[in-house]
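# Chains, contacts and geometry: an overview
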Amino acid sequence: MTVLEGGKISGRQFMSVLVVLRIVPLTLVFSLINSIAHVQDTWITVIIGTVIAIPIAVLITKLSLRFPGKTIIEYSQSLLGPVMGKLLGLLILWCFLCTSIDITRGLGEAYVIAIMPETPILVFMSMLIFISCYAARSGLEVICRLGEDVFYIVVFVLLLTYVLPYTAMRFENLRPILAWGASNLVPPVIANLGYYSQFLIIGMLVPYLNKPEDATRYAVYAVLISGALMVLAAVALVAVFGTTASSWTLPLFSLARMISLGDFFERIEAGVMAAWTVSTGIKLALFLWAASVAVAQLFNLKAFRHLLYPLGTITVAASLFFFESMVELEDYLAKAGAMVSILVAGVTLLLLYAALGIRMAIHRRKGGAG
Amino acid sequence: MNIVLLVSVFIAIGLFEGPKMVREKLWRELLVFGFLLFFGFTLSILLTLGVPVPSPVRGIRSLMNPILKLLGIPTYYS
Amino acid sequence: MRVRRCVRITALLAIIPVVLSMAGCWSRKEIEDIGFVLSIGVDHGAKEDEIMITAHIAKPFAISAGLSGAVDEKPFWQVSSTGRTVFEAWRNLRQQSPRRPLLHHSRFIVFGEEFARDGIHEAMDFFFKESEVRETNVVVVAKGVKASEILWNEFELERMPAEGALGIMKVAAQELSTTVMITLNEFLQMLEAEGHEAVASRAELVRRPPSEDPRGQLKRETISISGRETGAAAFKGDKLVGWLDKTQTRGLQWVKGKVRSGIIVIEQPEEENKLASIELVRADSTVTPGISDGRPSVLIKVRAIGNLGEVQEDFDPMKSQEAWLSMERRMAEVIRHEIEAALNIAKYEFNSDIFGFGAEIQRKYPKEWTKLKDKWDEEFPKLDVEIEVETSLRRSGLTRRSVQTVRKEEG
């Protein structure tokens with residue numbers, strides 16, 4: 001089989017795109033804070049979710065490292081056999097597409113809500129899809145190189161957004177801590193893990209790393225960095241908004257609007273909007289790339305690039321009719337959507353590791369007999 | 001008007017990608033490409049014409065709601 | 001090749017917001033088509049169940065011409081419209097305004113007293129949801145008048161009334177501490193918080209009969225209505241329950257730790273009928289709730305640092321340490337009185353926990369709070385409040401001792 005994607009990416013680029021893909025929902029709808037009943041505990045739930053996410057990321061990475069040069073779509077076929085493997089591949093493909101659809105709609109909604117309520121959402125979404133398809137067509141190397149730059153920009157904007165509203169911050173808003181029991185913590189942890197389950201895409205990226213041995217380390221870094229950025233976001237939001245923090249549709253955008261230093265240093269929210277756009281663009285490019293490579297590998301095609309624009313049109317159309325409203329999208333992202341992602345990631349890992357275990361056992365017995 | 005725009009977008013995509021595949025004799029690829037493009041086209045046309053397309057999100061939600069309820073997460077949509 | 005692609009993609013992504021908002025398509029806003037709203041007032045309409053919105057819109061041509069000092073025209077325009085909801089009333093404004101009013105630069109959200117007394121809840125959501133409204137707007141309640149009337153006030157030194165009011169309010173909040181400056185964000189948090197009732201800024205009208213007062217008559221015909229920004233408006237739930245005067249407001253600010261500066265006038269020790277003024281330099285406070293036998297109590301600790309700014313009779317601190325200490329004690333006494341004034345009116349007149357003691361209890365004793373929450377209205381007036389004030393005088397200006405004037409007794 002010919003190599004579909006010839007690009008090579010560095011460990012740091014790998015880490016950057018992983019952080020960016022986790023940070024996109026933070027900059028748009030911060031589902032964790034939207035789904036929690038008492039916002040004071042949000043930062044704790046972020047830590048819990050992040051700690052659980054580390055083994056998930058490590059498991060996916062380690063599994064991929066056992067099959068050098070093969071993506072998760074390919075090695076699931078060699079582990080589970082062609083039929084089961086293809087079915088699992090389709091499930092993963094469905095997840096990649098769903099993620100693309102969610103974030104396309106999410107960015108469109110964010111633009112409409114925040115600045116241009118009279119503009120049809122289709123305008124934003126089709127522009128975004130077009131650019132992302134163009135980027136994805138250029139291959140993984142271009143996406144990841146952009147991803148690294150975007151990573152620095154987004155982290156800078158986020159840190160600025162956390163620090164600059166300091167005049168409005170009241171840290172006593174963060175108390176009481178853990179006063180509502182564990183039931184308060186469950187929904188945001190689910191939402192958080194739902195997003196971290198998108199790290200399934202590691203299975204598509206590891207084969208293209210120039211130094212695969214660094215993959216695990218950088219995957220863990222990615223989880224930790226994104227977790228830290230979310231903890232800070234939770235702290236800053238609750239300090240500034242108190243209990244009203246959970247009522248914002250676009251929490252980070254509203255946080256940026258609180259920044260006013262003197263009379264000149266205002267309108268930082270433009271920076272947040274730029275961060276949305278570039279990070280969503282990169283994430284979308286990455287997932288469309290992964291989806292098209294997955295399609296190509298499922299149907300044994302020799303090329304994936306020409307699949308991008310058709311997939312893009314499907315994504316735009318689907319993002320229009322999947323969700324009726326922003327409220328529905330938010331609810332889906334925090335609850336059902338998150339749960340599906342967790343289940344798919346869980347089932348994938350379980351099946352593949354089980355198959356791997358059985359294969360190794362058979363192999364050992366054969367080796368012992370022979 | 002919208003439909004004209006839509007059709008021209010899809011024709012443009014077809015013209016942009018198709019000839020290359022034909023030249024390189026990637027028939028299998030052309031088939032998948034054609035299928036995906038047709039699928040996207042059908043969805044878009046249905047949406048433009050205002051035909052209600054059932055959203056899979058609803059199905060996913062009704063599958064997931066029991067699990068969510070088990071975890072104590074309130075679900076407002078059914 | 002790859003680098004060029006990277007650049008091209010970044011440029012394309014960056015262009016989206018720029019293209020759409022500047023040369024944009026649908027939500028285009030040309031500077032010639034818009035009017036910047038500086039303050040927005042909310043009142044009851046003339047008809048029942050109607051809301052009246054009053055917008056204070058800047059006249060751009062009057063401002064720019066005003067720089068050269070040629071135009072005598074008022075640089076603002078005030079217009080009201082009604083509707084059943086705030087949003088409807090706001091949109092109905094377009095029937096009267098040839099330019100599209102925009103809220104991006106608005107400074108104040110003003111409620112008329114009557115409206116505030118009946119409850120502001122139904123009006124708040126618009127300001128929360130609308131993306132044009134910044135959460136840094138200051139929430140004001142107009143004492144005794146409608147919001148539409150208070151917006152007519154004008155100030156010297158500032159052409160735009162909103163800027164004038166903001167300037168006065170900033171000074172009053174920072175250098176006098178006799179007013180509260182509550183942003184929309186803080187206001188909403190207080191409305192929503194358990195055990196913390198809301199306060200807002202208070203504004204009053206000062207009517208100046210033009211014939212009697214020549215002060216305003218330079219160039220601009222007259223300023224017949226001016227404003228006063230002092231004190232605070234106390235809410236209970238979403239309803240206005242009363243007003244805090246300057247003393248009570250500073251009492252509130254002491255407890256909240258928001259006193260920045262101010263002058264404390266005390267009687268000068270060892271002298272009769274002579275006063276000394278102390279300039280506050282720094283102050284902070286801690287509120288520590290406690291619960292014993294299910295009964296809540298609160299300990300307020302205030303620490304204030306001041307400088308001796310003025311004495312009316314000769315005074316040399318080097319001569320008598322006792323006098324210096326006595327001044328510190330008197331300063332503490334004044335602060336205690338102010339806090340008590342605020343406490344008393346909040347407890348016995350309003351029965352409204354504007355200090356947020358309930359919220360403090362919730363933070364420290366979340367379990368006990370769930371029991372207290374429902375009967376907080378009965379508990380709050382009975383609450384034991386202990387006040388500890390620690391003061392220190394640091395220095396006494398440029399002079400160590402005061403000027404000793406030679407005075408001749410008459411007769």
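Since the model is a prediction, treat every value here as computed from it, not as a measurement.

### A few points about the overall build of chain C
Within chain C, the secondary structure is distributed over 13 helices and 14 strands. Out of the 411 residues in chain C, the part that is buried amounts to 53%. Once local pairs closer than 6 in sequence are excluded, the contacts in chain C between residues at least 24 apart make up 71%. Carbon and sulfur atoms make up 50% of the accessible area of chain C, which amounts to about 20,400 Å² in all.

### Here's the deal with the pattern of salt bridges
Side chains carrying opposite charge are able to pair once their charged atoms draw close together. Applying the stated criterion across every chain yields a total of 27 salt bridges over all chains. Ionic pairing is found between Glu186(C) and Lys258(C), a salt bridge with its closest N-O pair at 3.4 Å. Residue Glu186(C) is found in helix 8 (residues 184–192), and its partner Lys258(C) is found in the loop between helix 9 (246–256) and strand 11 (262–267); the two are separated by 72 residues along the sequence. Here Glu204(C) ties to Arg202(C) by a salt bridge, and the two come within 3.7 Å at their closest N and O atoms. A single burial state applies to Glu204(C) and to Arg202(C), both of which are buried. In this structure, a network of salt bridges that share partners links the residues Glu328(A), Asp331(A), Lys335(A) and Arg61(B).

### Describing the interface of chain B and chain A
Facing 35 residues of chain B, the contacting portion of chain A comprises 35 residues. Of the roughly 3,100 Å² buried between chain B and chain A, counting both surfaces, carbon and sulfur atoms make up 75%. Counting across the chain B and chain A interface gives four salt bridges. Ionic pairing is found between Glu328(A) and Arg61(B), a salt bridge with its closest N-O pair at 2.7 Å. Applying the counting criterion to the chain B and chain A interface returns six residue pairs in polar contact (both at pLDDT 80 or more). Secondary structure elements with two or more residues in the side of chain B that touches chain A: helix 1 (2–23), helix 2 (27–48) and helix 3 (56–70) of chain B. Classifying every residue of the side of chain B that touches chain A by side-chain character gives 25 nonpolar, four polar and six charged.

### With respect to a negative patch on the surface
Residues and elements named next belong to chain C. Together, Glu-48, Asp-49, Glu-114, Asp-118 and Glu-122 make up a negatively charged patch on the protein surface. Topologically, Glu-122 is positioned in helix 5 (residues 121–129). Judged by its relative accessible area of 59%, Glu-122 falls in the exposed class.

### A closer look at the interface of chain C and chain A
Note: interface size is frequently given as the accessible area lost on complex formation between the parts. On the side of chain A, 47 residues touch chain C, which itself brings 36 residues to the contact. Where chain C abuts chain A, roughly 4,000 Å² becomes buried across the two surfaces, and 59% of that area is made up of carbon and sulfur atoms. Counting the contacts that link chain C with chain A gives one salt bridge. Its salt-bridge partner being Glu135(C), residue Arg257(A) comes within 3.4 Å of it at the nearest N-O pair.

### So, the sheet that holds strand 13 (residues 295–311) of chain C
All names here are of chain C. Ordered by their spatial adjacency, four strands build an open sheet running 11-12-13-14, and the pairing between neighbours is mixed. The open sheet has two edge strands, strand 11 and strand 14 (384–393), and neither has a second partner. The average undirected angle you get between the axes of adjacent strands in this sheet is 40°. Strands in contact with helix 10 (residues 321–350) are strand 11, strand 12 (275–292), strand 13 and strand 14; relative to strand 14, the strand with the most contacts, it is inclined by about 150°.

### Section: the confidence of the model for chain B
Averaged over all residues, the pLDDT of chain B is 83; the fraction at 70 or higher stands at 97%. Within chain B, the lowest mean pLDDT, 84, falls on helix 1 of chain B, and the highest, 87, falls on helix 2 of chain B.

### A closer look at the domain arrangement of chain C
All names here are of chain C. Taken as a whole, chain C is organised into domain 1 (28–244) and domain 2 (246–403). Counting residues at the interface gives 27 residues for domain 1, matched by 28 residues for domain 2. Interface area for domain 1 against domain 2, summed over the two sides, is near 2,000 Å², with a carbon-plus-sulfur share of 57%. Joining domain 1 to domain 2, the criterion identifies three salt bridges.

### Considering the pairing of strand 12 of chain C
Residues and elements named next belong to chain C. Here strand 11 pairs with strand 12 via six bridges, running antiparallel. Each bridged residue has a counterpart across the sheet, and for Ile-266 the counterpart in strand 12 is Ala-276. A loop of two residues connects strand 12 with strand 13, the two strands running antiparallel in sequence, and Asp-293 in this loop sits at a positive phi of about 55°.

Calculation notes
Residues numbered from 1 in each chain as written. Chains lettered and ligands numbered in written order. Predicted model: local features only at pLDDT ≥ 70, side-chain atom pairs only at ≥ 80, totals over all residues. Heavy atoms only, no water. Helix = DSSP H or I, 4+ residues; strand = E, 2+ residues; numbered from the N terminus. Buried < 20%, exposed > 50% of the residue type's maximum accessible area, 1.4 Å probe, protein only. Contact = heavy atoms within 4.5 Å. Areas by Shrake-Rupley, 256 points an atom, 1.4 Å probe, with all protein chains shown as cover. Salt bridge = Lys/Arg side-chain N within 4 Å of Asp/Glu carboxyl O. Buried area = accessible area lost by both parts, 1.4 Å probe. Polar contact = N/O pair within 3.5 Å; in protein donor to acceptor, adjacent residues only side chain to side chain. Nonpolar A, V, L, I, M, F, W, Y, C, P; charged D, E, K, R; others polar. Patch = residues over 30% accessible without salt bridge, like charges linked within 9 Å, V, L, I, M, F, W, Y side chains within 5 Å. Lys, Arg positive; Asp, Glu negative; His and termini not counted. Charge placed at Lys NZ, Arg CZ, Asp CG, Glu CD. Pairing = 2+ DSSP bridges. Axes fitted to C-alpha atoms, helices over the stretch in contact; angles between N-to-C directions. pLDDT = per-residue confidence, 0-100. Domains from an automatic or database assignment.

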